[in-house]
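One letter stands for each residue in the lines below.
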Amino acid sequence: MNRIILFGKTGVGKSLTGNTIFGGKRVFPAECQGSSLTKTCRKYTDNIFDREVSVVDTPGIFDTDGDVDVQKEIDICFDLSRPGPHVVLLVVRCGRFTKEDFETFKICRSSFGSNIYKHLIVVFTYFDDWKRHNGGICNFKDYVNSLPEHIQHSIQVSCDNRYVTFDNTLTGHDAYAQVRHLFSIIDQMLNSNGGIHMCSDEYKLSRTDIQRTLKEKHELELIGLDNKLQNERKKILEEELLRMFAARHNVTYRNAKPRESWVSSVFRLIGSAARLYLLLKGGYQFPGGSNWSITRNGNLLYSR
């Protein structure tokens, strides 16, 4: 049996590709629209080219409705492919690469682990649209060579140039031919890697790495929050010290302006306290623009 996982962002035609693989049967719900119809993993098994093939369709990364836990669904799709998938089809739409397309490659690598490239084939969908946009010229290799350098490296080096184009509008012999071409690449890949599948240990190791990264990120966020709280405590303490200083020397203190950053506040307060001290000692004159003024009662008034 060949166990296959379809992976990619919303709207690239994963479900349509799965249906094309199974001879055009509507085994996975699919429509030509921007929103995702696949909200949870679905598995279908059938005979193709005298072999048993199971395909797991997954929800799209960056789901438009935002109600899909992608990592949870990846866990499910791996369970449905036990003891492990032989092939991961990374489905990408032909055309200009977007930030989400870049992120899709990164998420695929981080989700399935470093050995994913031994099992990865890139499927470029909407090839019919790409041909129309390029006036029928079909030199797709030039398109791949025009992709950003690290994407080219992933396809040409890490995946050993394992990519295919798919036109999911085709029917009959033409549709059969592109599926046959896909399985010829799958067979070449399995022959080169000894027919092995991804094992659960590799996937668990990848999940452990992700969890460790998330834990470290969370700890850094907590450290940042603790530093912020400490800075807030400093501000409150500085306010109280200045109020006490003003009260002891019969000076009215008024915090008239919104709070500044704590660094600016510290330097302003130190400078103001030093000027006030010198003034009370009789050795300092107010500079222009000072924050200190004299009230009708003869008291000094500080505002900032």
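It should be noted that the structure appears before, not after, this text.
Bear in mind the structure is a predicted one, so any value in this text is a computation, not a measurement. (Residues numbered from 1 in each chain as written. Predicted model: local features only at pLDDT ≥ 70, side-chain atom pairs only at ≥ 80, totals over all residues. Heavy atoms only, no water.)

*Asks:* Honestly, the overall build of the protein in this entry has me stumped. Any pointers?
*Replies:* When helices and strands are tallied, the protein shows nine helices and nine strands. Residue pairs in contact within the protein that sit at least 24 positions apart in sequence constitute 69% of those at least 6 positions apart. Total accessible area computed for the protein in this model is approximately 16,900 Å², and 52% of it derives from carbon and sulfur atoms. (Helix = DSSP H or I, 4+ residues; strand = E, 2+ residues; numbered from the N terminus. Contact = heavy atoms within 4.5 Å. Areas by Shrake-Rupley, 256 points an atom, 1.4 Å probe, with all protein chains shown as cover.)

*Asks:* Honestly, the pattern of salt bridges in this entry has me stumped. Any pointers?
*Replies:* When their charged atoms lie close together, side chains carrying opposite charge are able to pair. In this structure the tally under the stated criterion is nine salt bridges. For Asp46, the salt bridge goes to Lys25, with nearest N and O atoms at 2.5 Å. You can see Asp46 sitting in strand 2 (residues 42-48) and its partner Lys25 sitting in the loop between helix 1 (14-21) and strand 2, a full 21 residues away along the chain. Classification of Asp46 as partly exposed rests on a relative accessible area of 22%. (Salt bridge = Lys/Arg side-chain N within 4 Å of Asp/Glu carboxyl O. Buried < 20%, exposed > 50% of the residue type's maximum accessible area, 1.4 Å probe, protein only.)

*Asks:* In this structure, what is going on with the sheet that holds strand 2? I would like to understand it.
*Replies:* The strands making up a sheet associate through hydrogen bonds between their backbones, and the pairing can be parallel or antiparallel. One open sheet accounts for six strands, arranged 2-3-1-4-5-6; its pairing is mixed. With one partner strand each, in any of the chains shown, strand 2 and strand 6 (163-165) form the two edges of the open sheet. Here the average twist between neighbouring strands, direction ignored, is 25 degrees. For strand 1 (residues 2-7) and strand 4 (residues 87-93), the ladder comprises four bridges, and the chain directions are parallel. Residue Ile4 lies in a different strand from strand 4, and its bridge partner there is Val87. (Pairing = 2+ DSSP bridges. Axes fitted to C-alpha atoms, helices over the stretch in contact; angles between N-to-C directions.)

*Asks:* Looking at this structure, I do not really get the nonpolar core. What am I missing?
*Replies:* The nonpolar side chains of soluble globular proteins are, as a tendency, buried together. If you look at the biggest cluster of nonpolar residues, it comprises 32 residues, and the most contacted ones within it are Phe112, Phe124, Phe140 and Ile155. Elements represented by at least two residues in this core include exactly strand 1, helix 2 (70-80), strand 4, helix 3 (99-112), strand 5 (120-125), helix 4 (127-133), helix 5 (140-145) and helix 6 (149-158). For Phe124, the residues in contact, after removing those within four places along its chain, are Val92, Cys94, Phe97, Phe140, Tyr143, Val144, Leu147, Ile155, Tyr163, Val164, Thr165 and Phe166. Judged by nonpolar contacts, the second largest core, of 24 residues, contains Phe22, Val123, Val164 and Val179. (Core = buried A, V, L, I, M, F, W, Y, C linked by side-chain atoms within 4.5 Å.)

*Asks:* Sorry, what's going on with the pairing of strand 3 (residues 51-57) here?
*Replies:* On a regular strand, one side chain projects to one face of the sheet and the next to the other, so that they alternate. The element strand 3 is largely enclosed, with a buried count of six among its seven residues. As judged from the five bridges shared by strand 1 and strand 3, these two strands associate in the parallel manner. Residue pairing in the sheet places Ile4 in a bridge with Val55 of strand 3. Relative to strand 3, strand 2 is paired through seven bridges, and the arrangement is antiparallel. Among the inter-strand pairings, Ile48 is bridged to a residue of strand 3, identified as Arg51.

*Asks:* Honestly, the layout of surface pockets in this entry has me stumped. Any pointers?
*Replies:* Left-over empty space is what a probe sized like a water molecule reveals as it rolls over the atoms. Computed from the structure, the largest pocket encloses a volume of approximately 360 Å³. Lining the largest pocket are 22 residues; nearest its centre among them are Asn19, Thr20, Phe22, Gly23 and Gly24. Where the lining of the largest pocket is concerned, the elements lending two or more residues are helix 1, strand 2 and helix 7 (172-192). Looking at the lining of the largest pocket residue by residue, the classes come out as 11 nonpolar, eight polar and three charged. (1 Å grid on protein atoms, 1.4 Å probe; cavity = no way out; pocket = protein on both sides within 12 Å on 5 of 7 lines; lining within 4 Å. Points joined across faces, edges and corners; volume = space filled by probe spheres on them. Nonpolar A, V, L, I, M, F, W, Y, C, P; charged D, E, K, R; others polar.)

*Asks:* Just checking my understanding: could you explain helix 7 for this structure?
*Replies:* For the α-helix, the turn length of 3.6 residues means that residues three or four positions removed from each other point alike. Look at helix 7: 31 Å from first C-alpha to last across 21 residues, which is about the 30 Å you get at 1.5 Å a residue. Ala175, Gln178, Val179, Leu182, Phe183, Ile185, Ile186, Met189 and Leu190 are the residues of helix 7 that are buried. On an axial view of helix 7, the arc spanned by its buried residues comes to 150 degrees, and they lie on one face. For helix 7, the exposed residues set more than 90 degrees away from the buried face come down to Gly172, His173, Gln188, Asn191 and Ser192. Just beyond helix 7, the residue with positive phi is Gly194, at close to 75 degrees. (Expected span 1.5 Å × (residues − 1). Arc of directions from axis to C-beta.)

*Asks:* In this structure, what is going on with helix 2? I would like to understand it.
*Replies:* The set of residues buried in helix 2 consists of Glu73, Ile74, Cys77 and Phe78. Summarising the axial view, the buried residues of helix 2 lie within an arc of 145 degrees, below the 170-degree limit, and thus occupy one face.

*Asks:* What am I meant to see in unusual backbone geometry here?
*Replies:* Across the chain, the bulk of peptide bonds are trans and the bulk of non-glycine residues have phi less than zero. Here Arg82 and Pro83 are connected by a cis peptide whose omega angle stands at 10 degrees. With respect to the element layout, Pro83 can be found in the loop between helix 2 and strand 4. Its identity as a non-glycine residue notwithstanding, Asp50 has a phi of 60 degrees, on the positive side. Tracing the sequence through the fold places Asp50 in the loop between strand 2 and strand 3.

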